Amino acid sequence: AHNVQIGRACFIAAQTGIAGSVSVGDFVQIGGQVGIAQYVKIGARCMIAGKSGVMSDLKAGGVYGGSPAVPIREWHRQTIALKRGAAKARDGD
């Protein structure tokens, strides 16, 4: 993409899409199949889980996942809630 700035020692896995005018800080790790929207700033030392969708700026040093990307603990809570909701619907509760 055009006008993308990538910091030092970043790891970007395969099939990652980065839109225009994105700024990636130093030592960022981006998992495979991540999509990053335009004009987003990713702080230094961030980690982004595979298949995540980054729609807004990410603070330095954070670990993120999901679509849209949220702090990883929040993403885990969302995933568990969806799983429990699906089980309730399946069981008829």
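Going by the structure above, here's the rest.
Residues numbered from 1 in each chain as written. Predicted model: local features only at pLDDT ≥ 70, side-chain atom pairs only at ≥ 80, totals over all residues. Heavy atoms only, no water.

**Things to note about the nonpolar core**
So, point 1. Counting 15 residues, the largest nonpolar core has Ile 36, Ile 42, Ile 48, Val 54 and Leu 58 as its most contacted members.
So, point 2. Those residues in contact with Val 54, other than ones at most four positions away along the chain, are Val 34, Gly 35, Ile 36, Ala 37, Val 40, Ile 48 and Ala 69. (Core = buried A, V, L, I, M, F, W, Y, C linked by side-chain atoms within 4.5 Å. Buried < 20%, exposed > 50% of the residue type's maximum accessible area, 1.4 Å probe, protein only. Contact = heavy atoms within 4.5 Å.)

**Observations regarding the pattern of salt bridges**
So, point 1. Following the criterion strictly, the structure yields two salt bridges and no others.
So, point 2. Across the salt bridge formed by Arg 8 and Asp 26, the nearest N and O atoms sit 3.3 Å from each other. Taken together, the residues span a long stretch of sequence, with Arg 8 in the loop between strand 1 (5-6) and strand 2 (11-12) and Asp 26 in the loop between strand 4 (23-24) and strand 5 (29-30) at a distance of 18 residues.
So, point 3. For Asp 91, the salt bridge goes to Arg 90, with nearest N and O atoms at 3.7 Å. (Salt bridge = Lys/Arg side-chain N within 4 Å of Asp/Glu carboxyl O. Helix = DSSP H or I, 4+ residues; strand = E, 2+ residues; numbered from the N terminus.)

**With respect to the side chain of Thr 16**
So, point 1. In this structure, Thr 16 sits in the loop between strand 2 and strand 3 (17-18).
So, point 2. With residues up to four places along the chain from it excluded, the contact list for Thr 16 reads Ile 30, Gly 31, Gly 32, Gln 33 and Val 34.

**Things to note about unusual backbone geometry**
Where the residue is not glycine, phi is negative for most of them; where a peptide bond is considered, it is trans in most cases.
So, point 1. The omega torsion of the bond from Ser 67 to Pro 68 falls at 5 degrees, within 30 degrees of zero and hence cis.
So, point 2. When you line up the elements, Pro 68 lands in the loop between strand 10 (63-65) and strand 11 (70-71).
So, point 3. Here the phi dihedral of Gln 33 falls at roughly 60 degrees; this positive angle occurs in a residue that is not glycine.
So, point 4. Relative to the helices and strands, Gln 33 is located in the loop between strand 5 and strand 6 (35-36).
So, point 5. Looking at Gln 33, the relative accessible area reads 39%, which means it is partly exposed.
So, point 6. Residues other than glycine seldom take positive phi values, yet Arg 45 does so here, at roughly 65 degrees.
So, point 7. Of note, Arg 45 is situated in the loop between strand 7 (41-42) and strand 8 (47-48).
So, point 8. For Arg 45, a relative accessible area of 54% translates into the label exposed.

**What about the side chain of Ser 52?**
So, point 1. Relative to the helices and strands, Ser 52 resides in the loop between strand 8 and strand 9 (53-54).
So, point 2. Of the polar contacts made by the side chain of Ser 52, one reaches the backbone nitrogen of Gly 66; its length is 3.1 Å.
So, point 3. Residues within four places of Ser 52 in sequence aside, it is in contact with Gln 33, Val 34, Gly 35, Tyr 64, Gly 65 and Gly 66. (Polar contact = N/O pair within 3.5 Å; in protein donor to acceptor, adjacent residues only side chain to side chain.)

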